[in-house]
Amino acid sequence: MKDLFDKEHELGRLAGEVDERGDVERFDQLMSEADAVMDEIVAPGIHFEALEKILCSFDCDQLSIFDGRVCWR
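Residues numbered from 1 in each chain as written. Predicted model: local features only at pLDDT ≥ 70, side-chain atom pairs only at ≥ 80, totals over all residues. Heavy atoms only, no water.

It is worth spelling out the confidence of the model for the protein chain at this point. Taken over all residues, the pLDDT of the protein chain has a mean of 90, while the share at 70 or more is 100%. Ranking the helices and strands of the protein chain by mean pLDDT puts helix 2 (residues 24–42) first, with 94, and strand 3 (residues 63–66) last, with 81. (pLDDT = per-residue confidence, 0-100. Helix = DSSP H or I, 4+ residues; strand = E, 2+ residues; numbered from the N terminus.)

In structure tokens, the structure reads:
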């Protein structure tokens, strides 16, 4: 699975470079590819269960790992 995270991160990095050059078509293509990889990452289903009643549980639709940090949405 690490290869999927690496691929998604690289596509995002490339999209950022392309965006700075103003190549909208290539940017959209790279972001579409990154979205497809993210769909693969979360395909098994990821559910966060609240440990306290004051917090809410939710299904995760985006999960990224960068520099040893995990980010989700």
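Looking now at helix 1 (residues 2–21). Compared with the 28 Å implied by 1.5 Å per residue over 20 residues, the 29 Å span of helix 1 between its first and last C-alpha is a close match. Within the sequence span of helix 1, burial applies to Leu4, Phe5, Glu8, Leu11, Ala15 and Val18. The buried residues of helix 1 all sit within an arc of 155° when viewed along its axis, so they share a single face. Those residues of helix 1 that are exposed and aimed more than 90 degrees away from the buried face are Lys2, Asp3, Glu20 and Arg21. As for helix 1, its buried residues are in contact with helix 2 and strand 3. (Expected span 1.5 Å × (residues − 1). Buried < 20%, exposed > 50% of the residue type's maximum accessible area, 1.4 Å probe, protein only. Arc of directions from axis to C-beta. Contact = heavy atoms within 4.5 Å.)

Turning our attention to helix 2. With 19 residues, helix 2 extends 27 Å from end C-alpha to end C-alpha; this agrees with the ideal 27 Å at 1.5 Å per step. Those residues of helix 2 that fall on the buried side of the exposure criterion are Leu30, Ala34, Val37, Met38, Ile41 and Val42. For helix 2, the arc enclosing every buried residue in end-on projection is 130°, short of the 170-degree limit, so these residues lie on one face. Those residues of helix 2 hidden inside the fold are in contact with helix 1 and strand 3.

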